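Understanding the architecture of this molecule
Listed here are the chains, written in short residue letters.
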Amino acid sequence: GKVFANADVRLWFEAGIKYNITKKVRFDFNQIVKYKADASKLSSISPEIAFKYKPIKFLELGTGYRFTIEPVIRDGVTRMDKWNRIVGDIQLRYNNKPISLRYRFRYQEEIGEKPGKKDKVRFVHTIRNKAYIGFALGKGFTPFLSAEVFYVIKERSEFKIHFIFL
């Protein structure tokens, strides 16, 4: 048999603000820019807004909206695909210094143009589970490990796993 490998360096920039409306309610705005093809080609631009509500110390509820523009070459022409993403989150937190634990359950619904097809709308339903462990080593310095599992709901479902290290 033959073995093939394909490597691509991707780059993701994110900047934003967080504003505490009250002690329990927060507003977030983020701007995300992604590059692909060994970080040389624009993959997408996405402004995102979110609201977080923390009714009790260990529980955070959230909702958000992201609009994404992706340049895609289709039928020899570069088109701008547009995606709308709506999310709902439930996050559990446990902090006992120096250890911090988090678990987030997210349901997201994406609506956009179907890749490779003209004028077709695509709905993507995704369940995301994210775990986090941090270890505070000093004031303002916390190395962490985070992992997220994506489950895309469709005829043939797929799993994606992301690991993030500090």
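For the structure itself, look to the data block above.
So, here's what we can say about the structure. (Residues numbered from 1 in each chain as written. Predicted model: local features only at pLDDT ≥ 70, side-chain atom pairs only at ≥ 80, totals over all residues. Heavy atoms only, no water.)

**Focus: the overall build of the chain**
Within the chain one finds zero helices and nine strands. When the helices and strands of the chain are placed in sequence order, the string is β-β-β-β-β-β-β-β-β. Counting every position in the chain, which comprises 166 residues, the buried fraction comes to 25%. A separation threshold of at least 6 residues defines the contact pool for the chain, and within that pool the share at least 24 residues apart is 34%. Accessible surface, the chain as shown: approximately 11900 Å² in total, 62% of it carbon and sulfur. (Helix = DSSP H or I, 4+ residues; strand = E, 2+ residues; numbered from the N terminus. Buried < 20%, exposed > 50% of the residue type's maximum accessible area, 1.4 Å probe, protein only. Contact = heavy atoms within 4.5 Å. Areas by Shrake-Rupley, 256 points an atom, 1.4 Å probe, with all protein chains shown as cover.)

**Remarks on the pairing of strand 3 (residues 41–56)**
Along any regular strand, the residues point their side chains to alternate faces of the sheet. Here 12 bridges tie strand 2 (residues 25–36) to strand 3, and the two strands are oriented antiparallel to one another. Bridging from a neighbouring strand, Ile32 pairs with Ser46 of strand 3. Hairpin remark: strand 2 followed by strand 3, antiparallel, with four residues in the connecting loop; positive phi at Ala37, about 55°. Relative to strand 4 (residues 59–74), strand 3 is paired through eight bridges, and the arrangement is antiparallel. Considered in strand 4, the bridge of Ile49 is made with Tyr65. Between the antiparallel neighbours strand 3 and strand 4 lie two residues. (Pairing = 2+ DSSP bridges.)

**Here's the deal with the environment of Lys24**
Looking at where Lys24 falls in the secondary structure, it is placed in the loop between strand 1 (11–20) and strand 2. The class for Lys24 is partly exposed, based on a relative accessible area of 41%. In this structure, the C-alpha to C-alpha distance between Lys24 and Lys52, residues 28 residues apart in sequence, is 8.0 Å. Beyond its immediate stretch of four places on either side in the chain, Lys24 contacts Lys52, Tyr53, Lys54 and Pro55. A distance of 3.1 Å separates a polar side-chain atom of Lys24 from the backbone oxygen of Pro55. (Polar contact = N/O pair within 3.5 Å; in protein donor to acceptor, adjacent residues only side chain to side chain.)

**A word on the packing of aromatic side chains**
This model, assessed by the stated rule, comprises three aromatic pairs. Ring geometry for Phe13 against Tyr35: centres 6.4 Å apart, planes inclined by 85°, an arrangement best described as edge-to-face. Taken together, the residues span a long stretch of sequence, with Phe13 in strand 1 and Tyr35 in strand 2 at a distance of 22 residues. Against the face of Trp12 rests Lys34, its NZ or CZ located 4.1 Å from the ring centre. Sitting above the plane of the Tyr132 ring, Arg102 keeps its charged end 4.3 Å from the centroid. (Phe/Tyr/Trp six-rings, centres within 6.5 Å; stacked < 30°, edge-to-face > 60°. Lys NZ or Arg CZ within 6 Å of the ring centre and 35° of its normal.)

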